[in-house]
Amino acid sequence: MYIITLARPFGAGGHTLGERLAKRLSFSLVEEEMVNAIAEKAKVSPEWVKSVEAERGGFLMNFINSLVSPSFFERLTDDSKGYLDENIYVDILGSVMQEIARESNAVIVGRGGQYFLREHPDAVHVLLTADEKHRVQFLAQKYQITEDKARQVVERGDKRRDNFYRKLKSKDFDDPSLYHLVLNMSRVTLDEAEDAICSLIQGRMAKKGR
């Protein structure tokens, strides 16, 4: 199975690009499926998983739109059989990602996919970068928020991204040597990024005749 992982800071357009890649390549954009699988393994509700991901900065939509509106502790009572915190989440995340990579062609945005699937023979790891000005403007336009609010999202998102990679015991997540392709979204359009990634993955698929 072929996998595309997209590592990115908030505002670089990773989720938007992931949606476009999944549609063009007929891959799965793995989001709810991953949340549900983690919830099942941890024996907690999907909402609990989303709460943990929002805390460590995993869901941009949750962060911006405050989708985690009910009390965190109220939702913990949905399932008293299991338990989930950031450390358990990371352990389960790795095993779930491996399972998904065995079952279907997929696009994985964030969540440390370049680490968990670094040995996967048919994974293509992509790093998106962008300067702060571009990221702020991208978020402000996409979500119709002020640039001041978008800047807060960027700053808080960067801190949460750093925290997540510390959980993975990694400080080199922006090291180009970890990736097959690095794209500066301040200089490359979404169309150009989509074409470049599709060309790479389709070339690999053609060599194997599938």
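Structure first, text after, so check above.
Report on the accompanying structure.

As for the sheet that holds strand β5 (residues 181–184)
Thought 1: Ordered in space as β2-β3-β1-β4-β5, the 5 strands form an open sheet in which the pairing is parallel. Lying at the two open borders of the sheet, with one neighbouring strand each, are β2 (28–29) and β5.
Thought 2: Across 4 bridges, strand β1 (residues 3–7) lies against strand β3 (residues 106–109) in parallel orientation. Counted as the bridge partner of Leu-6 is Val-109 from β3.

Structural notes on helix α10 (residues 190–207)
Thought 1: For α10, which comprises 18 residues, the first-to-last C-alpha distance of 26 Å matches the rise-based estimate of 26 Å (1.5 Å per residue) to within 8%.
Thought 2: Within α10 the residues assigned to the buried category are Ala-193, Glu-194, Ile-197, Cys-198, Ile-201 and Met-205. The buried residues of α10 occupy one face: seen down the axis, they fall within an arc of 115°. Every exposed residue of α10 that faces more than 90 degrees away from the buried side is listed here: Ser-199, Ala-206 and Lys-207.
Thought 3: Where the residues of α10 are buried, they touch β1, α1 (14–25), β4 (123–129) and β5.
Thought 4: Gly-209 occupies a position one or two residues after α10 and carries a positive phi of about 75°.

Structural notes on the packing of aromatic side chains
Thought 1: Tallying each qualifying case throughout the model produces 4 aromatic pairs.
Thought 2: Note on Trp-48 and Tyr-83: the rings are 5.8 Å apart at their centroids and 85° apart in plane angle, and the pair reads as edge-to-face. On the criterion of sequence distance, the pair formed by Trp-48 in helix α3 (residues 46–56) and Tyr-83 in the loop between α5 (72–76) and α6 (86–103) is long-range, its members being 35 residues apart.
Thought 3: Among the residues examined, Tyr-83 registers a relative accessible area of 47% and is labelled partly exposed.
Thought 4: Aromatic ring contacts, followed pair by pair, group Tyr-115, Phe-164, Tyr-165 and Phe-173 into a single cluster.
Thought 5: The ring of Tyr-143 is capped by Lys-142, whose NZ or CZ atom sits 5.7 Å from the centre of that ring.

About the thresholds
- Residues numbered from 1 in each chain as written.
- Predicted model: local features only at pLDDT ≥ 70, side-chain atom pairs only at ≥ 80, totals over all residues.
- Heavy atoms only, no water.
- Pairing = 2+ DSSP bridges.
- Helix = DSSP H or I, 4+ residues; strand = E, 2+ residues; numbered from the N terminus.
- Expected span 1.5 Å × (residues − 1).
- Buried < 20%, exposed > 50% of the residue type's maximum accessible area, 1.4 Å probe, protein only.
- Arc of directions from axis to C-beta.
- Contact = heavy atoms within 4.5 Å.
- Phe/Tyr/Trp six-rings, centres within 6.5 Å; stacked < 30°, edge-to-face > 60°.
- Lys NZ or Arg CZ within 6 Å of the ring centre and 35° of its normal.

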